[in-house]
Every structure is written in structure tokens, then in C-alpha cells.
Amino acid sequence: EFPGTAPLWPPPGVAVEVVGRMCAAWKQTFPRNARPSSRAAFLFDWDGDPLPRATFEQTLDKTELLLAQEPGPFFCGSKVSAADVTWAPFLERYAG
């Protein structure tokens, strides 16, 4: 435990179901034809070729729709949650 630190699953005022739904949503959001990788997850297909730009745009559009489901800048509203921690590494690679 870390005294004075709010929990991430769920943060205060957020239902645990919302955090679980947002954490699980990335499986339906990121391209299924993409290769998982510790260095370049969801950037390349299984043959090693880069995914088309349209695939990235579709993924980001789906992500925007998820973010719009809750009020606030984070996946579960106004507080950082485990969902944000789950999504951050993948979105960071897309932003790069």
C-alpha cells in the first residue's frame, strides 16, 4: 500500500465495472491483424510490414469514442485509473 495515494482500481467515485470495461476495451479497439510486441505493439502486421495509416486512424477514432463515454480527460472520467495505465503504452507508440 501507498498511504495518501488514491487507488487506481477503482479510483474514488468510479465504479469498478467502468474501470474493467475500459481496460478490456483495448482488445476490441486495437487491430487484430497486428503483431503484439514488447517494442512495437500493434504497429506492424504478422509479416513485419507497417500497418496502413488508415488502420491507425480507425484505432484512434475508436479510442476517441471510448474517451467520450465518460466525462473528463481520462478513460474513466476525471481521475486517472488502471484503464489509463493499461492504454498508455499503446497510445504512446501510436503518438510516436
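Keep in mind the model is a prediction, meaning the values are calculated, not measured.

Asker: How would you sum up a nonpolar patch on the surface? Please name residues and give values.
Answerer: On the surface, a nonpolar cluster with roughly 230 Å² of combined accessible area is contributed by L8, V80 and V85. As for its position among the elements, V80 is in the loop between α3 (53–67) and α4 (82–95).

Asker: Account for helix α1 (residues 16–24), naming residues and giving values.
Answerer: Looking only at α1, the buried set comprises V18, V19, M22 and C23. Summarising the axial view, the buried residues of α1 lie within an arc of 130 degrees, below the 170-degree limit, and thus occupy one face.

Asker: Describe in detail the environment of G20, supporting the description with residues and values.
Answerer: The residue G20 is located in helix α1 in this model. Since its relative accessible area comes to 23%, G20 is described here as partly exposed.

Asker: Give a description of the packing of α3 against α4 that names residues and reports values.
Answerer: The N-to-C vectors of α3 and α4 enclose an angle of 140 degrees; their axes lie 11 Å apart at closest approach. Taken together, the axes of α3 and α4 are oblique relative to one another. α4 is crossed by α3, and the crossing has left-handed handedness. Of the residues in α4, those in contact with F56, T59, L60, T63 and L66 of α3 are W87, L91 and Y94. In terms of residue class, the contact of α3 with α4 is built from six nonpolar, two polar and no charged.

Asker: Tell me about the packing of aromatic side chains, residues and numbers included.
Answerer: All chains considered together, the criterion is met by 10 aromatic pairs. Their ring planes at 70 degrees and their centres at 6.3 Å tell us that W26 and F30 sit as a pair that is edge-to-face. Taking the relative accessible area as the measure of exposure, F30 reaches 3% and is therefore buried. Relative to F42, the ring of W26 has its centre 5.7 Å away and its plane inclined at 75 degrees; by these criteria the two rings are edge-to-face. Taken together, the residues W26 in helix α2 (residues 26–29) and F42 in the loop between α2 and α3 connect sequence positions 16 residues apart.

Conventions we followed
- Residues numbered from 1 in each chain as written.
- Predicted model: local features only at pLDDT ≥ 70, side-chain atom pairs only at ≥ 80, totals over all residues.
- Heavy atoms only, no water.
- Patch = residues over 30% accessible without salt bridge, like charges linked within 9 Å, V, L, I, M, F, W, Y side chains within 5 Å.
- Areas by Shrake-Rupley, 256 points an atom, 1.4 Å probe, with all protein chains shown as cover.
- Salt bridge = Lys/Arg side-chain N within 4 Å of Asp/Glu carboxyl O.
- Helix = DSSP H or I, 4+ residues; strand = E, 2+ residues; numbered from the N terminus.
- Buried < 20%, exposed > 50% of the residue type's maximum accessible area, 1.4 Å probe, protein only.
- Arc of directions from axis to C-beta.
- Axes fitted to C-alpha atoms, helices over the stretch in contact; angles between N-to-C directions.
- Parallel < 35°, antiparallel > 145°, perpendicular 65-115°, else oblique.
- Left-handed = near helix turned anticlockwise from the far one by under 90°.
- Contact = heavy atoms within 4.5 Å.
- Nonpolar A, V, L, I, M, F, W, Y, C, P; charged D, E, K, R; others polar.
- Phe/Tyr/Trp six-rings, centres within 6.5 Å; stacked < 30°, edge-to-face > 60°.

Function cannot be read off these values alone, since they describe shape.
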